[in-house]
Amino acid sequence: GLGKDEARSINKSLFSLTRCIEALAGGQKVPLRESMLTKILAPVLNGQACCTLIAALRGEHPAETRETLKFTETALKVKVQPKQTSSEALGAVQERAQDLRNELQTLRQELEWLRKNAGGQTGSSEALEKLLREKESLAAAKSQELAYLQSEIGEAEHQLASVRKELDSSKREAERERDARQRAEAENSLLR
């Protein structure tokens, strides 16, 4: 019935994921479009996102446990290089913002020069006014783009700070768990 169809679909997706992991580990072309699961995980498998693999083992099912360990071993061989880190993307946006600031400064200097020199000219005032309007319009557009980029930079810096804070917290928690495990192992070895 419905349960069998669902189990079949899950197994097909897991099989496709296993093929993708094996292809990545072997340096081959990755078949990402074979299942919905591999499509969803495409950013991770392509190095555009991070993920953590957790292998759940059940002692009462040795065949499943063996296959899970085999899959985990293969997955550990995968070395995906990230395409661009968040801080690199932020750096690119910051660089574009600086370029815009420089362009705006140049445009403002041009506008100032044009306004200053437009006072004594009579014959070409229409063309000069048109040029002034074009430069002002361009400066306004670049100012808007710069404002947008600055808001993006602020948001990205806030997100990076949050991620760093969570990462630091996770590291501290992992260290506490490791220390507790080592203490427990030491106590168990003393009791033996």
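Residues numbered from 1 in each chain as written. Predicted model: local features only at pLDDT ≥ 70, side-chain atom pairs only at ≥ 80, totals over all residues. Heavy atoms only, no water.

A.B. asks: Please clarify how the overall build of the protein should be interpreted in this entry.
C.D. replies: When helices and strands are counted, the protein shows six helices and zero strands. Counting from the amino terminus, the protein carries its helices and strands in the arrangement α-α-α-α-α-α. In summary, the protein has a C-alpha radius of gyration of 29 Å against a globular reference of 16 Å for 192 residues, an excess of more than 25%. Taken over the C-alpha atoms alone, the protein extends approximately 100 × 50 × 35 Å along its principal axes. Burial analysis of the protein (192 residues in total) assigns 20% to the buried set. For the protein, long-range pairs separated by at least 24 residues make up 54% of all intrachain contacts whose partners lie at least 6 apart in sequence. Accessible surface, the protein: about 14900 Å² in total, of which carbon and sulfur atoms supply 52%. Computed over 31 positive and 30 negative side-chain charges, the inter-centroid distance for the protein is 4 Å. (Helix = DSSP H or I, 4+ residues; strand = E, 2+ residues; numbered from the N terminus. Rg over C-alpha atoms; globule rule 2.2 N^0.38 Å. Buried < 20%, exposed > 50% of the residue type's maximum accessible area, 1.4 Å probe, protein only. Contact = heavy atoms within 4.5 Å. Areas by Shrake-Rupley, 256 points an atom, 1.4 Å probe, with all protein chains shown as cover. Lys, Arg positive; Asp, Glu negative; His and termini not counted. Charge placed at Lys NZ, Arg CZ, Asp CG, Glu CD.)

A.B. asks: Help me understand the nonpolar core, please; the structure alone is not making it clear to me.
C.D. replies: In summary, soluble globular proteins display a tendency toward joint burial of nonpolar side chains. Core analysis: the largest hydrophobic core is formed by 14 residues, its most contacted members being Ala97, Ala139 and Leu146. At the level of secondary structure, the elements contributing two or more residues to this core comprise α5 (86–118) and α6 (125–191). Here Leu146 is in contact with Ala97, Leu100, Arg101 and Leu104, once residues within four sequence places are set aside. In this structure, Leu17, Ile21, Leu24 and Val78 belong to the second largest nonpolar core, which totals 12 residues. (Core = buried A, V, L, I, M, F, W, Y, C linked by side-chain atoms within 4.5 Å.)

A.B. asks: Before we go on, may I ask you to explain the environment of Leu53 in this structure?
C.D. replies: Mapped onto the elements, Leu53 comes out in the loop between α3 (42–45) and α4 (62–76). Given a relative accessible area of 47%, Leu53 falls into the partly exposed group. If we ignore the near neighbours within four places in the chain, the residues touching Leu53 are Phe71, Thr72 and Ala75.

A.B. asks: Where do I start with the packing of helix α1 (residues 2–25) against α4 in this structure?
C.D. replies: The geometry of a pair of packed helices is captured by two quantities: the angle between their axes and the separation between those axes. The N-to-C vectors of α1 and α4 enclose an angle of 40°; their axes lie 8 Å apart at closest approach. Two packed elements cross with a definite hand, and for α1 against α4 that hand is left-handed. For the pair formed by α1 and α4, the contact residues are Leu17, Thr18, Ile21, Glu22 and Ala25 on the first element and Phe71, Thr74 and Ala75 on the second. A per-class count over the contact of α1 with α4 returns five nonpolar, two polar and one charged. (Axes fitted to C-alpha atoms, helices over the stretch in contact; angles between N-to-C directions. Left-handed = near helix turned anticlockwise from the far one by under 90°. Nonpolar A, V, L, I, M, F, W, Y, C, P; charged D, E, K, R; others polar.)

A.B. asks: Sorry if this is basic, but what is going on with α6 here?
C.D. replies: For an α-helix, 3.6 residues make a turn, and residues three or four places apart therefore share a direction. The terminal C-alpha atoms of α6 lie 97 Å apart, and with 67 residues this matches the ideal 99 Å at 1.5 Å per residue to within 8%. Along α6, the residues classified as buried are Leu128, Leu132, Ala139, Lys142, Leu146, Leu149, Ile153 and Leu160. (Expected span 1.5 Å × (residues − 1).)

A.B. asks: Explain a positive patch on the surface here, please?
C.D. replies: Taken together, the side chains of Lys12, Lys29, Arg33 and Lys39 make up a positively charged region of the molecular surface. Mapped onto the fold, Arg33 is located in the loop between α1 and α2 (36–40). (Patch = residues over 30% accessible without salt bridge, like charges linked within 9 Å, V, L, I, M, F, W, Y side chains within 5 Å. Salt bridge = Lys/Arg side-chain N within 4 Å of Asp/Glu carboxyl O.)

A.B. asks: I'm lost on the side chain of Thr74 in this one. Help?
C.D. replies: By secondary structure assignment, the location of Thr74 is in helix α4. Overall, Thr74 belongs to the buried group, its relative accessible area being 18%. Residues in contact with Thr74, not counting those within four places in the same chain, are Ile21, Glu22 and Ala25.

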